[in-house]
Amino acid sequence: MPKTHRHLFEQIVAFDNLHQAYIKARQNKRYRSEVLSFSANLEEELLLLRRELIDRTYCTGRYRRFTVREPKTRLVAASPFRDRVVHHALCNIIGPIFEATFIHDSYACRVGKGTHAGADRVTEFLRHAHRQCGEVWVLKGDVAGYFPSVDHGILLRMIERKVRCPGTLWLVEEILDSWHTEGRPGSGIPIGNLTSQLWANLYLNELDQFVKHELKRRWYVRYMDDWVVLANNKGELQQVRADIADFLGDHLVLQLNSKTSVFPAAQGIDFLGYRIWATHRLLRKSSVKRMRCRLGKFERDYGSGAVELDHITASIMSWLGHASHADCYSLKKRLFQDFKLRRASDGDRKSVEEIAGPGEGERDEQGQGAHPGRCAWRGDSGDGRDHR
């Protein structure tokens, strides 16, 4: 009998927990108007929120919906700030309960995980598989329309296996009922909620347990609704694909995306923003294309005064951090060699080297500050490999 947890609601609505949730919710957003308004009367706002939760009169507010188009088109729903405080308060308490049930090789939205750790794990598994098997095959799969397809009833039953606290379950249902996919009542969780990240991991934890314990697949890595399974036999992985498709349909009301396929590892695994081989790693072509377009836009916008240098610096440094985990020294050199920022009003002219700072370039030339075995902004991997 799995351990169940009661009396959690008292911890969720405790003032200290709500205050900690407020601190987390305002991170990197503290100067937005709704955050400033909430913060101006912080104690009163938190006490009011606490009273609404205790009396069960709390209702989620209206979502602000918008579309993002990179890396692909998605509908994102932003909750009001006071609701985000509640989401953090809930996840502060129930998050660790479910985190303890997740497998090691689930990498999305978890402390100490992430895309780079997931890509490193795939590389590690590829090397193990090559040493043991020689020829390696890959099953790469994902779920069709994952977030809009999550079934509320199934998800709630998963939560109830571990949580038997009436107040906590009331709050979970209140948040779940605040959103459904158009035309599909009782389905869907919004991209943008902190709770959605936890629930999305919990929902596909069922798949993780099935793959690891029923199918007994050792080389398996999942990042949200994308996953990779390695084996030395194509037919074996085709059977795994069929088994996963049956499990998803029968237990989770989900379907595999049509892009799910089995292929030889020699052609590289397109996963988590990289193309991964056992010997090296390259950037995904679409990432390079987007950055090239972005640089042209930065030049135009900076020249017209539409954007400031701080924004451009943050964007470039973020991309360089991602690129530092791939073998792409020559690519970065070509990509940025003609990039110059010039503002017509003052003749100011800056290159990427000035934006990134000379200190970083000097560290990388000495082989420090880069990802182990990878090149960084001005450091060469020494093997001549490049993304083309």
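Here, every reference points to the structure presented above.
Residues numbered from 1 in each chain as written. Predicted model: local features only at pLDDT ≥ 70, side-chain atom pairs only at ≥ 80, totals over all residues. Heavy atoms only, no water.

Describing the overall build of the protein
The condition is simple: Per the convention used, a helix needs a DSSP run of H or I reaching at least four residues, while a strand needs a run of E reaching at least two, with both numbered from the N terminus. Note on classification: 1.4 Å probe, protein chains only; a residue is buried when its accessible area is under 20% of the maximum for its type, exposed when over 50%, partly exposed between these limits. Contact definition: two residues touch when any of their heavy atoms are within 4.5 Å.
For the protein, the count of helices and strands is 16 helices and 11 strands. Relative to its 388 residues, the protein shows a buried fraction of 49%. Taking the intrachain contacts of the protein between residues at least 6 apart in sequence as the baseline, contacts between residues at least 24 apart amount to 72%.

With respect to the packing of helix H5 (residues 81-99) against helix H10 (residues 194-214)
Helix packing for two helices is described by the angle between their axes and how far apart those axes are. What counts is decided by this rule: Axis geometry follows a simple rule: fit a line to the C-alpha atoms, using only the stretch in contact for helices, then measure angles between N-to-C directions, giving values from 0 to 180 degrees. Throughout this description, any angle smaller than 35 degrees is read as roughly parallel, any larger than 145 degrees as roughly antiparallel, any in the 65 to 115 degree range as roughly perpendicular, and the remainder as oblique. Note on convention: near helix rotated counterclockwise from far helix by under a right angle means a left-handed crossing. Clockwise means right-handed. Residues are grouped as follows: Ala, Val, Leu, Ile, Met, Phe, Trp, Tyr, Cys and Pro are nonpolar; Asp, Glu, Lys and Arg are charged; all remaining types, including Gly, are polar.
Running from N to C, H5 and H10 point in directions that differ by 20°, and their axes come no closer than 9 Å. The angle between H5 and H10 places the two elements in the roughly parallel class. With respect to the hand of their crossing, H5 and H10 are arranged in left-handed fashion. From H5, His87, His88, Leu90, Cys91, Ile94, Gly95 and Phe98 reach across to H10, where they touch Leu194, Thr195, Leu198, Trp199 and Leu202. Grouping the constituent residues of the contact of H5 with H10 by class yields eight nonpolar, four polar and no charged.

Quick notes on the sheet that holds strand S8 (residues 274-276)
What counts, and what does not: DSSP bridges decide pairing: two strands pair if at least two such bridges lie between them.
Read from one edge of the open sheet, three strands run S7-S8-S9, paired in antiparallel fashion. On the outer flanks of this sheet lie strand S7 (269-271) and strand S9 (281-283), each paired with one strand and no other. The mean angle between the axes of side-by-side strands here comes to 30°, regardless of whether they run parallel or antiparallel. Sheet topology places S7 next to S8; three bridges connect them, and they run antiparallel. Looking at S8, one finds that isoleucine 269 is bridged to isoleucine 276. In the packing of helix H6 (residues 115-133) onto the sheet, the strands contacted are S7, S8 and S9, and the crossing angle to S8 comes to about 15°.

Re the environment of histidine 128
Counted only if it meets this: The definition of a polar contact used here is a pair of N or O atoms within 3.5 Å, where within protein one atom must be able to donate a hydrogen and the other to accept one, and adjacent residues in sequence count solely through side-chain atom pairs.
With respect to the element layout, histidine 128 can be found in helix H6. Classification of histidine 128 by relative accessible area gives partly exposed; the value is 23%. When the C-alpha atoms of histidine 128 and tryptophan 219 are compared, they prove to be 9.0 Å apart, with 91 residues separating the residues in sequence. There is a polar contact of 2.9 Å between the side chain of histidine 128 and the side chain of arginine 131.

Examining the side chain of asparagine 17
Mapped onto the fold, asparagine 17 is located in helix H2 (residues 15-25). A distance of 2.9 Å separates a polar side-chain atom of asparagine 17 from the backbone oxygen of isoleucine 12. If sequence neighbours within four positions are ignored, asparagine 17 has contacts with Gln11, Ile12, Ala89, Asn92 and Ile93.

Topic: the layout of surface pockets
Rolled over the atoms, a probe sized like a water molecule indicates the empty space that remains. As a reminder of what qualifies: Put simply, the grid is 1 Å and covers the protein atoms alone, a cavity is a trapped set of points that fit a 1.4 Å probe, a pocket is an open set with protein on both sides within 12 Å along at least five of seven lines, and lining residues have an atom within 4 Å of a point. Grid points are joined across faces, edges and corners, and a volume is the space filled by probe spheres set on the points.
The computed volume of the second largest pocket comes to approximately 370 Å³. Sorting the residues of the lining of the second largest pocket by element identifies H5 and H10 as the ones contributing at least two each. When residues of the lining of the second largest pocket are assigned to their parent elements, the largest contribution, five residues, is made by H5. A breakdown of the residues in the lining of the second largest pocket according to their chemical character gives seven nonpolar, four polar and three charged.

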